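Take a look at the letters that make up each chain.
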Amino acid sequence: MKDEVLKVSQSSVAQALAADYFCIYYVNVSTNKFIEYIASPEYRALGLPTTGDDIITFARTNFEELIHPDDRKYFLEYFVKEHILESLDDHGNFTMTFRMMFREGPMYVRLKITRMIEEEARHVVIGISNVDEELKARQAYAEAQQASLTYSRVAQALAGDYFSIYVVDPVTDDFFQYSATKEFDSLEVEKEGRDFFNASRKNMERLIYDGDRERFMAIFKKERIMAILERDGSFTMKYRLMFSGTPVFVSMKATLMEDDHGQHLIIGTNNIDAQMKRETEYQQKMAEARTSARNDFLANMSHDIRTPMNAIVGYTNIARSRRDDPEAVMEAVEKIGSSSHFLLSLINDILDISKIESGKMQVGTGPCDLGEIFRRIEDITALQAQKKSLKVTYCRDTVRHYKVLGDELRIEQVLINIVSNAIKYTPAGKSVELIAEERPGKGRVNRYRFIVRDTGIGISEEYLPHIFESFTREESTKINRVQGTGLGLAITAKVVEMMKGTISVKSVLGEGSEFTVDLDLESMEEETPEVREEEESVSLEGRRILLVEDNIVNAEIATVILEQFGVKVDVAENGKIGYETVRDAGPGAYDAVLMDIQMPVMNGYESARAIRTLEGDYFAALPVIAMSANAYDEDVKDCLAAGMNAHIAKPFQPDALVKLLCSYIHSGK
Ligand code: ADP
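Residues numbered from 1 in each chain as written. Predicted model: local features only at pLDDT ≥ 70, side-chain atom pairs only at ≥ 80, totals over all residues. Heavy atoms only, no water.

S.K.: For this particular structure, what's the right way to read the overall build of the chain?
M.R.: Check the secondary structure of the chain and you find 23 helices and 24 strands. Counted over contacts in the chain with a minimum sequence separation of 6, partners at least 24 positions apart contribute 59%. Summing over all exposed atoms, the chain offers an accessible surface of approximately 36800 Å²; the carbon and sulfur share of this is 52%. (Helix = DSSP H or I, 4+ residues; strand = E, 2+ residues; numbered from the N terminus. Contact = heavy atoms within 4.5 Å. Areas by Shrake-Rupley, 256 points an atom, 1.4 Å probe, with all protein chains shown as cover.)

What follows is the structure, encoded as structure tokens:
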């Protein structure tokens, strides 16, 4: 073997070739013995034996480690004696390409086995050459090819969406058609030509819908379009083309594209007829809905008012008929309370929407107890949910601060609106969840998130974007005769916006809806666990109050309530009598005056002003509290301007009235 090697090594051809190789081995095919003829420094560094008895075992055992893991399987599968001999017989050589792990890193190599030209053909040469650069270059080329192929495929796919695409040279105005549908072809427009803009204008004389011609001609001018492209990057225009006598909505879009060959103007025209028809139909439907909603407004309102009224009347009867069962009476009274509250909120909705529409809506900030809000929501919703056998769950595990600065009534209104809707639009047996979360924000301001999730009827994709508009309702809810006015969410969204919060909605028709309200609220205390605090035991026992009220029922309600708290009540039936009574009774006679506003002879404002004109500290300091059904913010302001101390809206909660009276009487404010 050695002799043979020596003999061949003398060949200068072999020497010259060896320079391209990492290594070259000689192998005796009959014995499988091999010897290394040449090895480069990097190959030598792998530390392989230079000679051995079995080339196949040598290669399979030593090379496995040295081959890139991804190529190992391939190597072991193909580097098999039978394969090699077969290939040598068939092609005169055997080659494989794979990556070898050199110290310097993986490199592509080509292993080539060729027969030596000798009489018995007993020897083969195995050479491993470096093809790393060549292979990498080829790969990069292939990748680029692939990318350009994909690019053109993308272009093709997009072109399919267009009626036609034209490419225009903005310098020469030469143009050609990149793609067009058969339908577009039927218009018989040139596929290439010069002076794109004029050619198009000429075509449009013939093709455009009469009603759109003038506008098109005014806009479709080169300078104008180029100026818009410069400014906005793209230009779009909608118009109708006549197809066999029928106008079809199309949208033209022009964009400027730049490549190695300079700028191109790409003009694509799209058939948007179906889309436009849907849109128009929807707009029409919405407009009709709005008109009919306004028309139905009163009818709806009376429906909505009747529902809680029904509960009030019903439970009043129950209470009356079961007067011997205090528990049943209490329960009925509770429900009457909740329904009254609901009714009140409904009436407030009507007031609110008119306030919003006249731009007079305001939100205030004052002490606000989220715990109270939740309790009231639970009271109200329990009644509604019970009727429908709905499961309502509440979670507020992460809420740490319940006493915050905010508009308690408005926050409650927002949440009640959303929860009531969830209940209203969720069929029996399904569920509604109200989750309140608190996350720390900046300083004392914390971030509250209220999520109302239901598994109800859901909201259609078409209606969803309109859900916060007033007087709109989902078609299906009307068909299903669910009562409503389409006002609640309009007010809700406006109120949330005024509180600098956000409201959003996600919904899947038939599966349910999720409303999320985010509000930043400043906490008033370090930590306020949700416990019903015992009211400071203030007493009105023995106090004297003058009630100025012309309505006998209202006067009686207030008197009965106040007397329950030990107050002695005198009633004056109008502002004039009220004023005279205070004046004639003299200093110290009354602890406070409760003043109705709208009264015959003399109204509340005038009466209050008159009282303040009376001489002496007592008359200046006497608490005069307006008690009125005029509950607009301006009404409150007017009361204060007339010299009154505070305002409480009718109908009032007894607790609230007593609390207010106490705060003035005891503090002597
Ligand atoms: P309405 O008085 O009609 O309930 P809203 O403004 O509160 O008025 O709601 C507007 C419309 O939004 C409703 O008529 C209803 O179609 C839809 N909607 C509101 N909340 C839900 C909900 N949770 N699930 C399904 N639809 C809802």
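Further notes follow.
S.K.: It is not clear to me how the nonpolar core should be interpreted in this structure. Could you clarify?
M.R.: If you look at soluble globular proteins, the nonpolar side chains tend to sit buried side by side. L370, I411, F450 and V517 are the most contacted members of the largest nonpolar core, which has 48 residues in total. Lining this core are residues from two domains, each supplying at least three of them: domain 3 (282-357) and domain 4 (366-523). Setting aside chain neighbours within four positions, we find V517 in contact with V414, I418, Y448, R449, F450, V496, T502 and I503. Listed in part, the 33 residues of the second largest apolar core include Y43, F58, V109 and L111. (Core = buried A, V, L, I, M, F, W, Y, C linked by side-chain atoms within 4.5 Å. Buried < 20%, exposed > 50% of the residue type's maximum accessible area, 1.4 Å probe, protein only. Domains from an automatic or database assignment.)

S.K.: I tried to follow the sheet that holds strand β24 (residues 646-649) on my own but got confused; where do I start?
M.R.: Sheet strands pair by backbone hydrogen bonding; their relative direction is either parallel or antiparallel. Within the open sheet, the five strands sit side by side as β21-β20-β22-β23-β24. Their pairing is parallel. On the outer flanks of this sheet lie β21 (568-572) and β24, each paired with one strand and no other. For this sheet, the mean inter-axis angle between neighbouring strands, taken without regard to orientation, is 25°. Both strand β20 (residues 544-548) and strand β22 (residues 592-595) contribute to a ladder of four bridges, which runs parallel. (Pairing = 2+ DSSP bridges. Axes fitted to C-alpha atoms, helices over the stretch in contact; angles between N-to-C directions.)

S.K.: What is the right way to look at the packing of helix α14 (residues 370-388) against helix α15 (residues 408-424) in this model?
M.R.: Packed helix pairs are characterised by how far apart their axes lie and by the angle those axes make with each other. Across the interface, α14 lies against α15 with an axial gap of 10 Å and an inter-helix angle of 20°. The angle between the axes of α14 and α15 places the two elements in the roughly parallel class. The element α14 and its partner α15 pack so that their crossing is right-handed. Of the residues in α15, those in contact with L370, E372, I373, F374, R376, I377, I380, T381, Q384, A385 and K388 of α14 are E408, I411, E412, L415, I416, V419, S420, I423 and K424. The class makeup of the residues in the contact of α14 with α15 is eleven nonpolar, three polar and six charged. (Parallel < 35°, antiparallel > 145°, perpendicular 65-115°, else oblique. Left-handed = near helix turned anticlockwise from the far one by under 90°. Nonpolar A, V, L, I, M, F, W, Y, C, P; charged D, E, K, R; others polar.)

S.K.: Help me out: how do you make sense of the packing of helix α13 (residues 326-357) against α14 in this one?
M.R.: In contact at an axis separation of 9 Å, α13 and α14 are set at 100° when each is read in the N-to-C sense. Comparing the axis directions of α13 and α14 gives the class roughly perpendicular. Packed against α13, whose contacting residues are K335, S338, S339, H341 and F342, the element α14 presents R376, D379, I380, L383, Q384 and Q386 at the interface. In terms of residue class, the contact of α13 with α14 is built from three nonpolar, five polar and three charged.

S.K.: Hey, could you run me through α14 in this one?
M.R.: Side chains that are three or four residues apart share a direction in an α-helix, a result of its 3.6 residues per turn. Helix length check: α14 (19 residues) gives 26 Å between terminal C-alpha atoms against 27 Å at 1.5 Å per residue, within 8%. When we look at burial in α14, the residues that qualify are L370, G371, I373, F374, R375, I377, I380, T381, L383, Q384 and A385. At the N-terminal boundary of α14, the capping side chain belongs to D369, with an oxygen 2.8 Å from the backbone nitrogen of G371. Phi for S389, located one or two positions after α14, is positive at around 40°. (Expected span 1.5 Å × (residues − 1). Polar contact = N/O pair within 3.5 Å; in protein donor to acceptor, adjacent residues only side chain to side chain.)

S.K.: Looking at this model, I keep getting lost on the pattern of salt bridges. Mind explaining?
M.R.: Pairing between side chains of opposite charge can happen when their charged atoms approach one another. On inspection of all chains with the given rule, the structure shows 32 salt bridges. Measuring nitrogen to oxygen at the nearest pair gives 3.8 Å for the salt bridge that ties E77 to K73. On the criterion of helical spacing, the pair formed by E77 and K73 is a turn pair, its members being four residues apart in helix α5 (residues 69-78). Put simply, R453 and E514 hold a salt bridge, and the shortest N to O gap is 2.9 Å. Here R453 is found in strand β17 (residues 445-454), whereas its partner E514 is found in strand β19 (residues 512-523), with 61 residues between them in sequence. Classification of E514 by relative accessible area gives buried; the value is 17%. The network of salt bridges with shared partners includes E372, R375, R376, E408 and E412. (Salt bridge = Lys/Arg side-chain N within 4 Å of Asp/Glu carboxyl O.)

S.K.: Which parts of the structure should I look at to understand the side chain of T269?
M.R.: Looking at the secondary structure, you find T269 in strand β12 (residues 262-271). Leaving out residues up to four positions away in the same chain, T269 has contacts with Y162, F163, S164, Y239, V250, S251 and M252.

S.K.: Explain the packing of aromatic side chains here, please?
M.R.: Any pair of aromatic rings gets described here by the distance separating the centres and the angle formed by the planes. Taken as a whole, this structure holds 26 aromatic pairs when the rule is applied. Relative to F98, the ring of F75 lies with its centre 5.2 Å away and its plane at 75°, an arrangement referred to as edge-to-face. Taken together, the residues span a long stretch of sequence, with F75 in helix α5 and F98 in strand β4 (residues 93-102) at a distance of 23 residues. Here F75 falls in the buried class, since its relative accessible area comes to 0%. Residue classification places F98 among the buried residues on the basis of a relative accessible area of 1%. (Phe/Tyr/Trp six-rings, centres within 6.5 Å; stacked < 30°, edge-to-face > 60°.)

S.K.: When you look at the environment of S345 in this model, what are you seeing that I'm missing?
M.R.: Within the secondary structure, S345 is located in helix α13. Here S345 falls in the partly exposed class, since its relative accessible area comes to 24%.

S.K.: Help me understand the side chain of S513 in this model?
M.R.: Mapping S513 onto the fold places it in strand β19. Judged by its relative accessible area of 6%, S513 falls in the buried class. Here S507 takes part through its side chain, which lies 3.0 Å from a polar atom of the side chain of S513. Not counting the four nearest positions on each side in its chain, S513 is found in contact with V452, R453, D454, G458, I459, K506 and S507.

S.K.: When you look at unusual backbone geometry in this model, what are you seeing that I'm missing?
M.R.: The phi torsion of most residues other than glycine is negative, and most of the peptide bonds are trans. The backbone phi angle of E188 is positive, close to 55°, even though this residue is not glycine. Its location among the elements puts E188 in the loop between α8 (182-185) and β9 (192-193). The residue S244 is not glycine, and still its phi comes out positive at about 40°. Among the secondary structure elements, S244 is positioned in the loop between β10 (234-243) and β11 (246-259). Accessibility expressed as a relative area gives 79% for S244, which makes it exposed.

S.K.: What exactly am I supposed to notice about the sheet that holds strand β3 (residues 51-52) here?
M.R.: One open sheet accounts for six strands, arranged β3-β2-β1-β6-β5-β4; its pairing is antiparallel. Taken across any chain shown, the strands that pair with only one partner, and hence form the sheet edges, are β3 and β4. Relative to β3, strand β2 (residues 34-39) runs antiparallel, the two being bridged by two bridges. The residue bridging F34 from the neighbouring strand is G52, located in β3. Helix α4 (residues 55-66) contacts β1 (21-28), β2, β4 and β6 (123-130) of the sheet and is inclined by roughly 35° relative to β4. Relative to the sheet, α5 contacts β4 and β5 (105-115), its axis offset from that of β4 by approximately 150°.

S.K.: Help me understand the environment of F196, please; the structure alone is not making it clear to me.
M.R.: With respect to the secondary-structure elements, F196 resides in helix α9 (residues 196-207). Taking the C-alpha atoms as reference points, F196 and D174, 22 residues apart in sequence, are found 6.3 Å from one another.

S.K.: For this particular structure, what's the right way to read the environment of V109?
M.R.: Tracing the sequence through the fold places V109 in strand β5. Distance in space between the C-alpha atoms of V109 and N130 is 4.7 Å, their sequence separation being 21 residues. Beyond its immediate chain neighbours, meaning those up to four positions away, V109 contacts F22, M96, T97, F98, M100, F102, I128, S129 and V131.

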